[in-house]
Each structure stands twice: as structure tokens, then as C-alpha cells.
Amino acid sequence: MKARIDIEQNVIACAVEAPKLDSVLEAIEKLKPEHFSSADNATIWRAICQMMGQGKYIDHNTLDLWLQQTVGVDYFTYIGSCMVACRSTAGMRQYTKIVFEFGELRKAEAQIYKALEKLNEQGESQDRINSALSELSVIGSDSADGGVVNPFDALIRLHDKMQFALTKKGGCVGLSSGFANIDHYTNGFFGGQLIIVAAKSGMGKTTLCMNMAENMSLLTNDSKNVIFFSLEMPAEQLMMKTVARFKGVNMADIISGQVISPSNIQGCNNFSDTLAVVKDRQKHLIIDEKSGQHITQIQAKAKRMAMKMGKVDAIFVDYLGLINAEGENQVIRIGRVSAGLKHLAKEMNVPVFALCQLNRAINGEPTMSNLRDSGNIENDADIIMILHDEDHGKERGNDALTKLIFAKNRLGQTGHTYLQPRLQYSRFEDTTRLPVEPVQQEQGNKNQPMKKYSGRGE
């Protein structure tokens, strides 16, 4: 990769001539010795940073003395030549930008060569590919400006968000799930959040997340861009759920093909209507059905899809336990996956929904401790929603409800609400009913019964 030695020398000269200049202090924060292509320039810059860090006075003589004492080399003449070549400190910010960008390009080039070396090592092909992807994922990971934020600036940003919330007049501020009962607890979902949706197998967690993805991308005039990583189900099975939900078609009729039987005119019309909706808004929903993906593959794909779509508003991953990662045991691997998904949410500034299995041996109502191979999931997650049904697996009536437990909610309250499952139609619905007889609750008269569930938890 081509280097600009002359620009590197200008950076050094400016730092020696005006070490207290604001643009020089910014360069000290941003540039590392490895950003310099010349070994001599890197050595001198390291010395400048060390002297600044220890509060030492910097000029031509003191810098050369420091270098003689620390690395045993006399750089007096070389530093002098840098200062002669640089006529002004006015261009320091531009010099810094150029050195930084060329340095990042060289780092990217080095990581690409490392990735190629990993591909040429011995071992299973998938392991070699994952190792190469791990090397590539480092590219650009620290190229952004540091996360230092002035508290006043943060307060102004907070004010802007509160101003926006006022315009909603009590409505959903973040990205709506399409379910009023869920939005009541979350106030919508926000960029940087990792949302865990957990349940035992067969409870409908894929259906619930697919419903939310459809609500965001296909069933609103203000369509959002959604990525759905389906590591367990092929895309056509997800589309079965979409067809069933859109027109209330029984899943059994879709599986048997009866929905498009020539004699089933209504079924054919329902399928045609679904095709029209999905065709019209297909660009807003991307499904990736590849199984056995590594966490770095998901991160890289999400970024590429974001470039293709223009932006991404939400990411769904079904499910967390099927994502590969390095680690000597499953708990460590799952911990690295959850940390990787949280990093992806923050880096892309989107909510990431990850489905998770619960342990099979559960007595009573599940809690966060029942997350399978939990690792760091509890710490990484911003919201943990658990689907629960005490009668799951038994013969149940059409009016049975699913309890949705908010076991963790960093920006809101914990508690629970209810959804009406219609799994034969692959959908959940908001409900205002209680799952049991009306309970007694104080409301003016403590003996006055509450006849109706508000749909917003207790």
C-alpha cells in the first residue's frame, strides 16, 4: 500500500513546533505509531506520545534527547529535516486525516493477508473459513472516532429525543413491534438494543418474531428494512407462515397444497393477494436461510445487506444456539455469540432480535436463569422476553392465552402481558382478556372486580 512519508514528516514537525495546539492534541489521540509507514516516523511518534503522556516539555532538543535515552538513536538531523520541510502547522488536521487513512488501509491489507494465510492452513475447510472471517472482521473495527462524548452534547441529544417523544403524544417512540401490548412495555425498540425472545420448543417464538418482522416491513405504509437470519427454517417455511397469517389460511391447507387447489377459489385468491403484497414490498425484507453460520459471517452479511438496502432498521436471528463461535464449551461459545450480536446492534445502531431456547427441565414459570447455555446472555441483553404457557403441549381451547414475560427491560418496566396465539394461522394477536376468571383488585371500592384485562400487564 502506497505511503505518504512527506505527510508523516509534516505531522511530526507540527507536533514538535506546537505540541499544545488543539489539532496536535487531536492527532495524539487519533494516531498510533502503526499508522506511520516509516519505522523511524513510528519511533518518533511513539516518543512524542510518551512525552506528552508524562507531561514533558517537547521541542527539537528534548525529543532527540528522549529518543537517545530510550532507543539509543540520534534523530536530531532527521527531526530537523522534517521541520524544515513543513512550512506551517495550519494543515495539521488534514495531515492527520491522510496519515490515519493510509494507516488504516495498510492494516486492512495486512488483515487480508492474514485471512489468506488462515485459508492455507491445515484443518477442516469450515474451520479455516471461520478463522479467515475472524481476521477480516477486525478490519475497520477501531477506525471510528473514540466514544468520548461531551455530557452537554449528550444532554442536547436527549432533549431532541424527548422533543420527538412529545410529538408522539403517548404513542410508540421507537420501532413498533406491531403489537400494542409489547409496545406498552418497550415504547418501541431502539438502535443498539439486543432483544432476546425465549421459549420452550414449539411455543411459537419464530412465529412471534416473524409476525414482528412482517409488521415492520410488509404490513405498514411506512415500511422498514428488516433482515431475518433463519438458521433453522428454510425461507419457504417462513413464507408458509406469512401466507397463513395474512389471510387466515390454516397451515395444514398450505402444507397439503389445498390452498391453491383449482376447486378452492377463495384459497387461490388469498394466495394471490399475499403474493401481491410481498411482491410490492419485497425489498424491505431480506431472508438469509443459510444454516451453521459463524457470528463473524452474520456480522459481515448484515453490513453488506445494509449497503444493498440503503439502511437496515431491524435484524432478527433464529436462533442464537445455532450460531457458531470459537470456545472450548457451549457456554463460552454462546457468550461470544451474544456479545457479537450486541456489538452488531451497537455498531449498526439497530435493534437485534435473537431467539433463544429455554432449558427443558423447568418447574413453574421460567426466568432468565432458564435460558439455555446462558453464558453472558443476561448481561448482554437489553430486553429479555419469555413466552410461557403452563398448558403447553396439552389439548387446549381456542381461547387459551400465551403469557409474555418481560424478565429484563433496561429502558422500561418488567412484568408481563398476554397475547392470543393463533398458531394454526401462524400468528399472535393483541388481547384485552385475562387468561382466568376476573380477579379482585382495589379500584375505589376494594371489592369491585376488574372485569377486563387492560392488555398492558399487571
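Here the structure is a predicted model, which means the values were calculated and not measured.

Caption draft 1: Region of interest: the pairing of strand β6 (residues 383-388). Burial runs high along β6: six of the six residues are buried. Of the two faces of β6, the one lined by Ile-383, Met-385 and Leu-387 and the one lined by Ile-384, Ile-386 and His-388 are each fully buried. Across four bridges, the pairing between strand β1 (residues 194-199) and β6 is parallel. Each residue of the ladder has a partner; that of Val-197, found in β6, is Met-385. In this sheet, strand β7 (residues 402-409) lies alongside β6 in antiparallel orientation, the contact comprising six bridges. Residue pairing across strands places Ile-384 opposite Lys-408, the latter belonging to β7.

Caption draft 2: Representation of the confidence of the model for the protein chain. Per-residue confidence for the protein chain gives a mean pLDDT of 79, with 81% of residues at or over 70. At the low end of the mean pLDDT range in the protein chain sits helix α8 (residues 151-168), at 64; at the high end sits strand β4 (residues 314-318), at 93. Taken together, the stretch residues 436-458 has pLDDT below 50 and engages in 38 contacts with residues farther than four places along the chain or on a different chain.

Caption draft 3: Just the packing of helix α1 (residues 5-17) against helix α3 (residues 39-53), in detail. The contact between α1 and α3 brings their axes to 11 Å, and the two run at 25°. Taken together, the axes of α1 and α3 are roughly parallel relative to one another. Handedness of the α1/α3 crossing: left-handed. Across the interface between the two elements, Ile-5, Glu-8, Gln-9, Val-11, Ile-12, Ala-15 and Val-16 of α1 pack against Asn-41, Ile-44, Trp-45 and Ile-48 of α3. Its residues assigned to classes, the contact of α1 with α3 comprises eight nonpolar, two polar and one charged.

How each quantity is defined
Residues numbered from 1 in each chain as written. Predicted model: local features only at pLDDT ≥ 70, side-chain atom pairs only at ≥ 80, totals over all residues. Heavy atoms only, no water. Buried < 20%, exposed > 50% of the residue type's maximum accessible area, 1.4 Å probe, protein only. Helix = DSSP H or I, 4+ residues; strand = E, 2+ residues; numbered from the N terminus. Pairing = 2+ DSSP bridges. pLDDT = per-residue confidence, 0-100. Contact = heavy atoms within 4.5 Å. Axes fitted to C-alpha atoms, helices over the stretch in contact; angles between N-to-C directions. Parallel < 35°, antiparallel > 145°, perpendicular 65-115°, else oblique. Left-handed = near helix turned anticlockwise from the far one by under 90°. Nonpolar A, V, L, I, M, F, W, Y, C, P; charged D, E, K, R; others polar.

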